[in-house]
Amino acid sequence: MKSNKLLGLFLSCLMISIPMSGCTSELKEILGESWGVPGGLALACLRDDAYRELVIEIDHAPGYNPESSTVSLLKERLGQVCDKPDGIRIELNEVNFAETSSWTATKVREIGHETMDAPPQSSELRWHVIMPQGKYSDDSVLGVAVDASTIALFSDSIDDATSIFNPRISSEDIENSVMVHEFGHLLGLVNLVYTSPADHEDSEHPGHSNNEDSVMYWAVETVSISAWFAGDLPTAFDQDDLNDMEGMKTGEIATKDQLWRP
Ligand SMILES: [Zn+2]
């Protein structure tokens, strides 16, 4: 079935004089590649060669809009690492999602792609956050990055992550950190699309930092977050994270799985 469809599309690509890039992306769509892996658009963000503007589309369920502190922090953190001379624009939309209770990575991808206003790579680079009602299938998860441009934050779980044992940490604090953390994954942290010269990946939690002062520390995206931090939550990339991104940007650190490269 799949190969017939593939052959049909391949033939139509050969016969119709539409731009080959369109055919390539449709072929990749069928092969499940075009949306890439988290970190797959890291170079597209870090460098300004192809995309001079970054748009962050945040689609939230009614009543699930992000805190204004989350939006401004995200803009600030991305502005520190992504070279975007025409700026970083945040678009907020209220959306009624087709799913309101139980989410999986597949559902986040499907519904995320359906609700996105424009493709990730057009004249601008577009990254997409959905903030729906409901929880992830593993309800200890506060946020996920599911491909090169799609993130989900689960506000119901973020509310559950506050603890009476640590009243200093509010759900707003947690949302701030989780949002930056998931974007760190889109930027390839830690070791998702490269290998760091620094030994800062947590061997027990792959893809995460072993430094609890980094926003990429593993516990940031889990419901037990309040138990792991005595003081304030980390909201920033640490020096190793920043060095990794700088190395990817300059080419000093080799990158893989990139949907765009210079
Ligand atoms: Zn994570």
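Remember, predicted model here, so these are calculated numbers, not experimental data.

1. Focus: the side chain of E124
Note that E124 resides in the loop between α5 (105–115) and β4 (125–131). Within the structure, E124 has its side chain in polar contact with the side chain of R126 (distance 3.2 Å).

2. Observations regarding unusual backbone geometry
Among all residues save glycine, negative phi is the norm, and among peptide bonds the norm is trans. The omega torsion across L189 and V190 is -15°, close enough to zero to call that bond cis. For V190, the position within the fold is in the loop between α7 (171–186) and α8 (225–228). Positive phi is not limited to glycine here, since N191 has a value of about 65°. Tracing the chain through its elements places N191 in the loop between α7 and α8.

3. Examining the packing of aromatic side chains
Per the stated rule, a full pass over the model turns up 6 aromatic pairs. An angle of 40° between the planes, with centres 6.0 Å apart, marks the rings of W127 and F183 as tilted. Of this pair, W127 sits in strand β4 while F183 sits in helix α7, and the two are 56 residues apart along the sequence. A residue is classified by how much of its surface remains accessible, and W127, at 0% relative accessible area, is buried. You can call F183 buried: its relative accessible area is 1%. Relative to F154, the ring of Y136 has its centre 5.6 Å away and its plane inclined at 40°; by these criteria the two rings are tilted. Of the two residues, Y136 sits in strand β5 (residues 135–136) while F154 sits in the loop between β7 (150–153) and α6 (155–160), which places them 18 residues apart along the sequence.

4. Here's the deal with the sheet that holds β4
By way of backbone hydrogen bonds, the strands of a sheet pair with one another, either parallel or antiparallel. Read from one edge to the other, the open sheet built from 5 strands follows the order β2-β1-β4-β7-β6, with strand pairing classed as mixed. Every other strand in the sheet has two partners, leaving β2 (88–94) and β6 (143–145) as the edge strands with one partner each. Taken over all neighbouring pairs, the strand axes of this sheet differ in orientation by 15° on average, direction set aside. In this sheet, β7 lies alongside β6 in antiparallel orientation, the contact comprising 3 bridges. In the strand pairing of β7, V144 is matched with A152. Along the sheet, α5 makes contact with β1 (54–60), β4, β6 and β7, crossing β4 at roughly 120°. Across the sheet, α7 is in contact with β1, β4, β6 and β7; its angle to β7 comes to roughly 160°.

5. Concerning the coordination of the zinc ion
Distances from the zinc ion to its protein donors, H181 (NE2), H185 (NE2), H208 (NE2), E221 (OE) and E221 (OE), fall at 2.0 to 2.6 Å. Of note, the zinc ion draws all its donor residues from one chain, in the sequence arrangement H-x3-H-x22-H-x12-E. With a gap of 40 residues between them, H181 in helix α7 and E221 in the loop between α7 and α8 connect regions that are remote in the sequence. Accessibility expressed as a relative area gives 0% for H181, which makes it buried. Judged by its relative accessible area of 15%, E221 is buried.

Calculation rules
- Residues numbered from 1 in each chain as written.
- Predicted model: local features only at pLDDT ≥ 70, side-chain atom pairs only at ≥ 80, totals over all residues.
- Heavy atoms only, no water.
- Helix = DSSP H or I, 4+ residues; strand = E, 2+ residues; numbered from the N terminus.
- Polar contact = N/O pair within 3.5 Å; in protein donor to acceptor, adjacent residues only side chain to side chain.
- Phe/Tyr/Trp six-rings, centres within 6.5 Å; stacked < 30°, edge-to-face > 60°.
- Buried < 20%, exposed > 50% of the residue type's maximum accessible area, 1.4 Å probe, protein only.
- Pairing = 2+ DSSP bridges.
- Axes fitted to C-alpha atoms, helices over the stretch in contact; angles between N-to-C directions.
- Contact = heavy atoms within 4.5 Å.
- Donors = N, O, S within 2.8 Å, 3.2 Å for Na, K, Ca; no water.

Any link to function would need more than the numbers given here.
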